[in-house]
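Notes for the structure review
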Amino acid sequence: MEFAGKLALVTGAASGIGLAVTRLLVRGGARVMAADLEAGKLATLAAELGPAVQTCVVDLADPAAVEPVVHAAIAALGGLDILINNAGIGSLARATELDPAEWRKVMAIDLDAVFLASRAALPTLIERRGAIVCTASISGMAGDYRFTAYNAAKAGLIGLVRNLAVDYAADGVRVNAVSPGYTRTPLTAPSRPEVKAAFIDAVPMRRAAEPEEIAEVIAFLASDRASYLTGQNIAVDGGMTAHTGQPDVFALRARLGASASS
Ligand code: NAD
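Residues numbered from 1 in each chain as written. Predicted model: local features only at pLDDT ≥ 70, side-chain atom pairs only at ≥ 80, totals over all residues. Heavy atoms only, no water.

**Remarks on the overall build of the protein**
Scanning the protein from terminus to terminus reveals eight helices and seven strands. For 262 residues, the compact-globule formula gives about 18 Å, and the C-alpha radius of gyration of the protein, at 19 Å, lands near that figure. Viewed in the frame of its principal axes, the protein has a C-alpha envelope of about 65 × 40 × 40 Å. In the protein, which comprises 262 residues, the proportion classed as buried is 46%. When contacts within the protein are restricted to residue pairs at least 6 apart in sequence, those whose partners lie at least 24 apart make up 69%. Element-wise, carbon and sulfur atoms account for 58% of the exposed surface of the protein, whose accessible area totals about 12,800 Å². For the protein, the distance from the average position of its 23 positive side-chain charges to the average position of its 26 negative side-chain charges is 4 Å. (Helix = DSSP H or I, 4+ residues; strand = E, 2+ residues; numbered from the N terminus. Rg over C-alpha atoms; globule rule 2.2 N^0.38 Å. Buried < 20%, exposed > 50% of the residue type's maximum accessible area, 1.4 Å probe, protein only. Contact = heavy atoms within 4.5 Å. Areas by Shrake-Rupley, 256 points an atom, 1.4 Å probe, with all protein chains shown as cover. Lys, Arg positive; Asp, Glu negative; His and termini not counted. Charge placed at Lys NZ, Arg CZ, Asp CG, Glu CD.)

Put into structure tokens, the structure is as follows:
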């Protein structure tokens, strides 16, 4: 039981990657405070995982709500060893078409809430020599068309992870990020089949990640097995960020009907 006796707070726990992480932590013996905007999905999660999970409805877009959730989790669990900053939203607009209110909302959830939750949790994490893992994105590592706010927030998050790792390493707190590539979750589910196919076509492994494949790496980073690992951002992306983006010349030639040797 890798997480026996460990106490964890997971944000965005009711769905997708956060749900998969919560399941892994609980199966490993942790007790978890699952925080999310969606009360109904949290109730389903609690029914599935039983008394090892407590739930908390919160809107992380509200900066005043973040610190109280962390303090409530510490009070309810009796401490905190692991903070998983996972909640996040996307947004699609070029800068000239992006409503500043939408920019602010993405920043509030994807970046500000991570700062505020980490800030509130750190004193307890220092006492217990704990760990923070943040769900960033490959979209924080390069630019995407019309991902203006999301690109900026996730890049900022990766920078924050490096800063926190350096500042609190000597206090025994490890801080890391996981950057998923295209992952099959409710966040990506509404896309049309042609859009999904286009995303998958860009991935060297030619498939989306399952949320459990991302959760495995998050859980590893949260565990004592990653005891000398801090300040890192691990892309879990089927090879996406290893690729320059240039086409497969042989596949292109085959599609164009030309000889592979020409
Ligand atoms: P998801 O939509 O399935 O889960 C996100 C969860 O966050 C949901 O349960 C949602 O209710 C919660 N949430 C959203 N806004 C909130 C708020 N204001 N307050 C509290 N909770 C809120 O999506 P997912 O794909 O599991 O995303 C999890 C993380 O992974 C996000 O940070 C996302 O940016 C990141 N990510 C996802 C992908 C992907 O392809 N799915 C790729 C890269 C990064």
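**So, the site of the ligand**
Every one of the 29 residues lining the ligand counts as a neighbour, but Ser15, Asp36, Asn86, Tyr150 and Thr185 are closest to it. In this structure, a nitrogen atom belonging to the ligand sits 3.3 Å away from a main-chain N or O atom of Leu37. For the ligand, the protein covers 93% of the area, taking 830 Å² as the surface of the free molecule. Residue assignment for the shell around the ligand shows that the elements contributing at least two residues are helix H1 (16-27) and helix H5 (148-168). Looking at the shell around the ligand residue by residue, the classes come out as 14 nonpolar, eleven polar and four charged. (Near = heavy atom within 4 Å. Polar contact = N/O pair within 3.5 Å; in protein donor to acceptor, adjacent residues only side chain to side chain. Nonpolar A, V, L, I, M, F, W, Y, C, P; charged D, E, K, R; others polar.)

**Brief notes about the packing of aromatic side chains**
In total, this model carries two aromatic pairs according to the counting rule given. With centroids separated by 5.9 Å and ring planes inclined at 80°, the aromatic side chains of Phe147 and Tyr150 adopt a geometry described as edge-to-face. Grouping residues by exposure puts Phe147 and Tyr150 together as buried. Ring geometry for Tyr182 versus Phe199: centroids 4.7 Å apart, planes at 10°, classification stacked. Taken together, the residues Tyr182 in the loop between strand E6 (174-180) and helix H6 (193-201) and Phe199 in helix H6 connect sequence positions 17 residues apart. For Tyr182, a relative accessible area of 14% corresponds to the buried category. (Phe/Tyr/Trp six-rings, centres within 6.5 Å; stacked < 30°, edge-to-face > 60°.)

**Section: the sheet that holds strand E5 (residues 131-135)**
With respect to topology, seven strands assemble into an open sheet ordered E3-E2-E1-E4-E5-E6-E7, the strand pairing being parallel. A strand with exactly one partner marks an edge of an open sheet, and here the two such strands are strand E3 (53-57) and strand E7 (233-236). Each neighbouring strand pair of the sheet contributes to a mean axis angle of 15°, computed without reference to strand direction. Note: strand E2 (residues 31-36) against E3, five bridges, orientation parallel. Residue pairing for E3: Met33 is matched across the bridge by Gln54. (Pairing = 2+ DSSP bridges. Axes fitted to C-alpha atoms, helices over the stretch in contact; angles between N-to-C directions.)

**Brief notes about H5**
With 21 residues, H5 ought to run about 30 Å at 1.5 Å a step, and its terminal C-alpha atoms sit 30 Å apart, in line with that. Of all the positions in H5, only Ala149, Tyr150, Asn151, Ala153, Lys154, Leu157, Ile158, Leu160, Val161, Leu164 and Ala165 are classed as buried. Contact partners of the buried residues in H5: helix H4 (100-128), E5, E6 and E7. (Expected span 1.5 Å × (residues − 1).)

**A few points about the pairing of strand E1 (residues 7-11)**
Counting buried positions along E1 gives five out of five residues, so the element sits mostly inside the fold. Judged by which residues are buried, E1 turns out to be covered on both faces: Leu7, Leu9 and Thr11 on one side and Ala8 and Val10 on the other are all buried. With five bridges joining them, E1 and E2 adopt parallel strand pairing. For Val10, the partnering residue across the bridge sits in E2 and is Ala34. Tracing the backbone out of E1, into H1 and back to the parallel element E2 gives a crossover that is right-handed. Where E1 meets strand E4 (residues 82-85), three bridges bridge the pair, whose relative direction is parallel. The residue of E4 that forms the bridge with Leu9 is Leu83. (Right-handed = clockwise from strand over helix to strand, strands pointing away.)

**Here we look at unusual backbone geometry**
The residue Arg129 is not glycine, and still its phi comes out positive at about 50°. Here Arg129 is to be found in the loop between H4 and E5. Its relative accessible area of 58% is what places Arg129 among the exposed residues. Unusually for a residue other than glycine, Arg206 sits at a positive phi of about 60°. Given the relative accessible area of 47%, Arg206 is considered partly exposed.

**Some points on the state of the cysteines**
Under the definition given, this model contains zero disulfides. Cys134 supplies the cysteine sulfur nearest to Cys56, a cysteine that is in no disulfide, at a spacing of 18 Å. On the accessibility criterion, Cys56 (16% relative accessible area) is buried. The class of Cys134 is buried, set by a relative accessible area of 0%. (Disulfide = S-S within 2.5 Å.)

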